[in-house]
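Geometric and topological summary
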Amino acid sequence: MAQFAVIGLGSFGATVATELVGLKHDVIGIDIEKKYVESISDVLTHSAIADATDEHVLDELNITQCDAVVVAIGEDIEASILCVLHLKNLGVEKIWVKAKSKAHHMILTHLGICKIIHPEEDMGVRVAQSLSYPMVSRYMALNDDHYLVKVEITENLAGTRFHSVMDHVPEVRAILHKREQEIIYSIDPNLILQDGDVLVIEGSIEPLRRLSKHFTAK
Ligand code: ATP
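Conventions we followed
- Residues numbered from 1 in each chain as written.
- Predicted model: local features only at pLDDT ≥ 70, side-chain atom pairs only at ≥ 80, totals over all residues.
- Heavy atoms only, no water.
- Helix = DSSP H or I, 4+ residues; strand = E, 2+ residues; numbered from the N terminus.
- Buried < 20%, exposed > 50% of the residue type's maximum accessible area, 1.4 Å probe, protein only.
- Phe/Tyr/Trp six-rings, centres within 6.5 Å; stacked < 30°, edge-to-face > 60°.
- Domains from an automatic or database assignment.
- Contact = heavy atoms within 4.5 Å.
- Pairing = 2+ DSSP bridges.
- Expected span 1.5 Å × (residues − 1).
- Axes fitted to C-alpha atoms, helices over the stretch in contact; angles between N-to-C directions.

Okay, the environment of Val84 next. Structurally, Val84 can be placed in helix α4 (residues 77–90). With relative accessibility at 1%, the residue Val84 sits in the buried group. Spatially, the C-alpha atoms of Val84 and Asp122 are 22 Å apart, while their sequence positions differ by 38 residues.

Below you can see the structure in the form of structure tokens.
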């Protein structure tokens, strides 16, 4: 169990904090507005109504004891930056910050923040990807060009042999096959795919795009 602080309990901060509690971590949530703190205080391990632009307040809340701090103040860029500066002064090493604009992002980069989050943009990219490749239920970028994608087999591919789909694009690799609770890493090329099966595939974007055509059309 790790200890986290989430500063700013708007919809993004509150979601992060709630998820962390769900993952069995200790979470302190901080917001300047009483109503935001009250709406989530039952869920959190600790909560505080406080101004995160005040270094003494952050110090008193023992923020340095946390394994990581998430700064989820969006609109008030000045408050976000001041808060980050104080956290740095206090010696907090792992700071994740939500950025609202390019200028905000640039300043955070100059302050040495490595984890800068753009939730709206990230979600926009995910929605576009899902619309573009409906069979990809999840994906993970390994680097700028390489992805790990989770593909769900639908009716149109049921009854097809695994190799007859994958052989179209030899540059990509199937990492695993899942059917209900069973996970297989050494996939039999003659395996007959069933509706609801899952494949996790690794490859670069262009071959994955080519492969996607074989998942959408029989
Ligand atoms: P979201 O999209 O997550 O709802 P947002 O990006 O619109 O939020 P804001 O609503 O500006 O961002 O900020 C998120 C939260 O941060 C708000 O609940 C706000 O009260 C809180 N906040 C703003 N300034 C401070 C501060 N100085 N100290 C602590 N909390 C703050």
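Here we come to the packing of aromatic side chains. Per the stated rule, a full pass over the model turns up one aromatic pair. Ring geometry for Tyr139 against Tyr147: centres 5.7 Å apart, planes inclined by 55 degrees, an arrangement best described as tilted. For Tyr147, a relative accessible area of 16% translates into the label buried.

Each domain of the chain was delimited in the assignment, giving domain 1 (3–120) and domain 2 (133–216). Centre-to-centre separation of domain 1 and domain 2, based on C-alpha positions: 38 Å.

Quick look at the side chain of Ser80 now. Summarising the element assignment, Ser80 is placed in helix α4. Relative accessible area serves as the criterion here: at 0%, Ser80 is assigned to the buried category. Excluding residues that lie within four positions of it along the chain, Ser80 makes contacts with Val71, Ile73, Val97 and His104.

Attention shifts here to the pairing of strand β8 (residues 146–152). Burial along β8 is one-sided: Tyr147, Val149 and Val151 are buried, while His146, Leu148, Lys150 and Glu152, pointing the other way, are not. In this structure, strand β7 (residues 136–141) lies alongside β8, joined through five bridges in antiparallel fashion. Its bridge partner lying in β8, Tyr139 is registered against Val149. Counted along the chain from β7 to the antiparallel partner β8, the turn is four residues long. For β8 and strand β11 (residues 198–204), the ladder comprises seven bridges, and the chain directions are antiparallel. When the sheet's bridge partners are listed, Val151 is paired in β11 with Leu199.

So, about helix α1 (residues 11–22). Between its first and last C-alpha atoms α1 spans 16 Å; for 12 residues at 1.5 Å apiece the expected length is 16 Å, and the two agree. For α1, the elements touching its buried residues are β1 (3–7) and β2 (26–31). Positive phi appears at Lys24, one or two residues downstream of α1, with a value of about 70 degrees.

Before going further, it helps to spend a moment on the sheet that holds β7. The strand order across the open sheet built from five strands is β7-β8-β11-β9-β10, with neighbouring strands paired in antiparallel fashion. At either end of the open sheet lies a strand with only one pairing partner, and these are β7 and β10 (182–184). Across this sheet, the average inter-strand angle for adjacent strands is 20 degrees, counted without regard to direction. As defined by bridge partners, strand β9 (residues 173–179) adjoins β11 across five bridges and the pair is classed as antiparallel. Along β11, the bridge assignment pairs His177 with Leu199.

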